[in-house]
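Descriptive analysis of the structure
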Amino acid sequence: MTIISLKNNLAKYLKLMQKEMASEFTFFPKTWIFPSESYDLMNFMQEKKKPMTLIVKPTNSSQGKGIFLTRKIKDIPRDSCHVVQQYKSFPYLLEGKKFDLRLYCLVTQVCPDLQAFLYHDGLGRFATENYSGSTNSENLCMHLTNYAINKDSEKFQENESEFKKSLKETLALVQEQEGEEAVVKLQQEFKDIIIKTLLVGLPHLEHNYRTCSSKSSYQNNRQCFQILGFDIMLDKKLKPWLLEVNESPSFNDDTDVDKLVKGGLIEDTLRLLDIKKHQKQKIKELAQNKSVFQRNKLNQMTEEQIQEKQVKDEQQMLTQQRNHEIFQNKNLGGYERIFPIKIKTKQGWTEDENQEQAELLAKKELYDNIKEVSKGLFNNQFGGKKKQPSLLE
């Protein structure tokens, strides 16, 4: 998942998608990869009539390490790679404080189709100092919401529940100020941001998955999973902005809210995955033995027999997929399946149901388009379109 979890990779590929589909990728701040894009940054700042605050992040650090704010390009180190972003100087505030949201997304497979689930709860992480503007760049406890930075503050230690809340609790506070409709809209925008970001990295994930999996084990498309942490902030107009994607979000339970949210998250994840010991053993056996056996067996079969076997294997794979989806739908717990988009068919839709299905169809077409554009960028980057190995090879 480093294709979207490393800050420089996330910036690179989202910027490419912004060039191709600008109106669909407005959720990512203006970003430069430094020092390779230093001249672009310099030109942009010269065009601005007012001084601009930048937030500078090392590409391979976490927990807020090495992050700082500046208005001068000369302050940015040139001996290592950093991601530089236009700082959002007018964040949405709750009780006078800046905050961000941690959302948890579970990816259970990438081949033959992406399967993604969003957990119903997450975290709201608050700065420990009241926000007074971007000119005071020295006070990181006012600008950064990272738990690792704010936990050492005396204010945090005195009342941790004030600075770290559940996602539900945080959105309830937003709802008190903005109304239920605004929060419902936000939740839909969160899903949209997560799906689009995953689709940007999907061609790379598919390629890596096929490369690392033995051809004989393609049929078992549940060989790995990943819980991703999406960090999102809101500006004063209640527009969500993607800050970063965490490949290995912390599951430490230092606070009561951590225990509540992360405990439920892990429990529901394991239930949804339906991991069995015999499945792991079967995959090992397939990887070690079956590929050789399959080659020898195929060499003794006629072309017609090989085609029949491919059809049979494909039918078996589809049956397994349908059965697993039925199991997942019965064991979602706190998860919601957000991808792929499912279009229902029935007669006698109400007007509201017709409108809902039309919106879903439009979303599905949009996401299919994003997949194609992303795949095209991947093929261009790696030397043109190459034939992907069949799932049944």
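To start, this report covers the structure provided alongside it. (Residues numbered from 1 in each chain as written. Predicted model: local features only at pLDDT ≥ 70, side-chain atom pairs only at ≥ 80, totals over all residues. Heavy atoms only, no water.)

Some points on the overall build of the protein chain
Put simply, the test is: Only DSSP runs of H or I covering at least 4 residues are called helices, and only runs of E covering at least 2 are called strands; the numbering of each starts at the N terminus. Exposure classes here rest on a 1.4 Å probe applied to the protein chains alone. A residue is buried below 20% of its type maximum, exposed above 50%, and partly exposed in between. Any two residues whose heavy atoms approach within 4.5 Å are treated as being in contact.
In terms of regular secondary structure, the protein chain is built from twelve helices and twelve strands. Every one of the 393 residues in the protein chain was classed for burial, and the buried ones make up 47%. Within the protein chain, contacts between residues at least 6 apart in sequence are counted, and of these 70% link residues at least 24 apart.

As for the pattern of salt bridges
Condition: Between Lys or Arg on one side and Asp or Glu on the other, a salt bridge is scored when a side-chain nitrogen of the former is within 4 Å of a carboxyl oxygen of the latter.
Applying the stated criterion to the full structure yields 15 salt bridges. Taking the shortest distance from any N to any O, the salt bridge between Lys 15 and Glu 37 comes out at 2.5 Å. Of this pair, Lys 15 sits in helix α2 (residues 7-20) while Glu 37 sits in the loop between β1 (31-34) and α3 (38-47); the two residues are 22 residues apart in sequence, bridging distant segments of the chain. Neither residue differs from the other here; Lys 15 and Glu 37 are each classed as buried. The partner of Asp 100 in a salt bridge is Arg 125, with the nearest N and O atoms 2.9 Å apart. Of this pair, Asp 100 sits in strand β6 (residues 97-109) while Arg 125 sits in strand β8 (residues 123-126), and the two are 25 residues apart along the sequence. Arg 125 carries the same exposure label as Asp 100, and that label is buried. It is possible to trace a salt-bridge network through shared partners that takes in Asp 100, Arg 102, Arg 125 and Asp 231.

Topic: unusual backbone geometry
The phi angle of most residues is negative, glycine excepted, and most peptide bonds adopt the trans form. Note the cis peptide between Cys 111 and Pro 112, where omega equals -5 degrees. Here the residue pair Phe 339 and Pro 340 is connected by a cis peptide bond, since its omega of 5 degrees sits within 30 degrees of zero. On the secondary structure map, Pro 340 appears in the loop between β12 (335-339) and α12 (351-381). With a phi angle near 55 degrees, Glu 95 is a residue other than glycine that sits in the positive phi range. Inspection of the secondary structure assignment puts Glu 95 in the loop between β5 (93-94) and β6. Phi angles above zero are rare outside glycine, and Leu 238 is one such case at about 70 degrees. For Leu 238, the location among the structural elements is in the loop between β10 (226-234) and β11 (240-246). We classify Leu 238 as buried; its relative accessible area is 13%.

A look at the state of the cysteines
In protein chemistry, a disulfide is the covalent bond that joins the sulfur atoms of two cysteines. Convention followed: Any two cysteine sulfur atoms lying within 2.5 Å of each other are counted as a disulfide.
As enumerated under the stated definition, the model contains zero disulfides in all. For the unlinked cysteine Cys 111, the closest cysteine sulfur is that of Cys 224, found at 8.9 Å. The class of Cys 111 is buried, set by a relative accessible area of 2%. Judged by its relative accessible area of 41%, Cys 224 falls in the partly exposed class.

Details of the nonpolar core
Inclusion rule: Among buried residues, the Ala, Val, Leu, Ile, Met, Phe, Trp, Tyr and Cys ones that are joined through side-chain atoms within 4.5 Å form a nonpolar core.
Leu 103, Leu 198, Phe 230 and Leu 242 are the most contacted members of the largest nonpolar core, which totals 60 residues. For this core, the element with the highest residue contribution is helix α8 (residues 180-212), accounting for 13 residues. Leave out the neighbours within four places in its chain, and Leu 242 touches Leu 10, Leu 14, Phe 27, Phe 28, Pro 29, Ile 193, Thr 197, Phe 230, Asp 231 and Ile 232. With twelve residues, the next largest nonpolar core counts Tyr 119, Val 261, Leu 265 and Tyr 335 among its residues.

Brief notes about the pairing of β10
How we decide: Pairing between two strands requires that DSSP report at least two bridges joining them.
With eight of nine residues buried, β10 lies mostly within the body of the structure. Bridging between β6 and β10 involves eight bridges; their strand directions are antiparallel. Note that in β10 the partner of Tyr 104 across the bridge is Gly 229. Pairing of β10 with β11 involves six bridges; the strand directions are antiparallel.

Digging into α12
One turn of an α-helix holds 3.6 residues; hence residues three or four places apart share an orientation. Here is the rule we go by: Between the first and last residue of a helix there are one fewer steps than residues, each counted as 1.5 Å, and that sum is the expected span.
Across its 31 residues, α12 extends 45 Å between first and last C-alpha, which sits within 8% of the 45 Å expected from 1.5 Å per residue. Within the span of α12, buried status applies to Gln 357, Leu 366, Tyr 367, Ile 370, Ser 374, Leu 377, Phe 378 and Asn 379.

A short note on a nonpolar patch on the surface
Definition in use: Like charges within 9 Å and nonpolar side chains (Val, Leu, Ile, Met, Phe, Trp, Tyr) within 5 Å are joined into patches, using only residues over 30% in relative accessible area that form no salt bridge. Accessible surface is estimated by sampling points in the Shrake-Rupley manner with a 1.4 Å probe; for residues, cover comes only from the protein chains shown.
Taken together, Phe 225, Phe 251, Ile 266, Leu 270 and Ile 275 make up a surface patch of nonpolar side chains, about 450 Å² in accessible area. Relative to the elements of secondary structure, Phe 225 occurs in the loop between α8 and β10.

Notes on the packing of aromatic side chains
Using the following cut-off: A pair of Phe, Tyr and Trp rings is counted when the ring centres sit within 6.5 Å of each other, with Trp represented by its six-membered ring. The angle between the planes then sorts it: under 30 degrees is stacked, over 60 is edge-to-face, the rest tilted. Counted as over-ring charges are cases with an Arg CZ or a Lys NZ within 6 Å of the ring centre that also lie within 35 degrees of the ring normal.
Throughout the structure, instances matching the rule amount to eight aromatic pairs. Where Phe 378 meets Phe 382, the ring centres are 4.8 Å apart and the plane angle is 45 degrees; that geometry is what we call tilted. Linked through ring pairs, Tyr 92, Phe 99 and Phe 126 together constitute an aromatic cluster. Its guanidinium or amino end placed over the ring of Trp 241, Lys 88 lies 3.6 Å from that ring's centre, counting from NZ or CZ. Seen from the ring of Phe 126, Lys 165 lies directly overhead, with NZ or CZ sitting 5.7 Å from the centre.

Focus on the pairing of β12
Taken across its five residues, β12 has four buried, putting it largely inside the fold. With four bridges connecting them, strand β7 (residues 115-119) and β12 associate as antiparallel partners. The residue bridging Phe 117 from the neighbouring strand is Arg 337, located in β12.

Any functional reading would require information that these geometric values do not contain.
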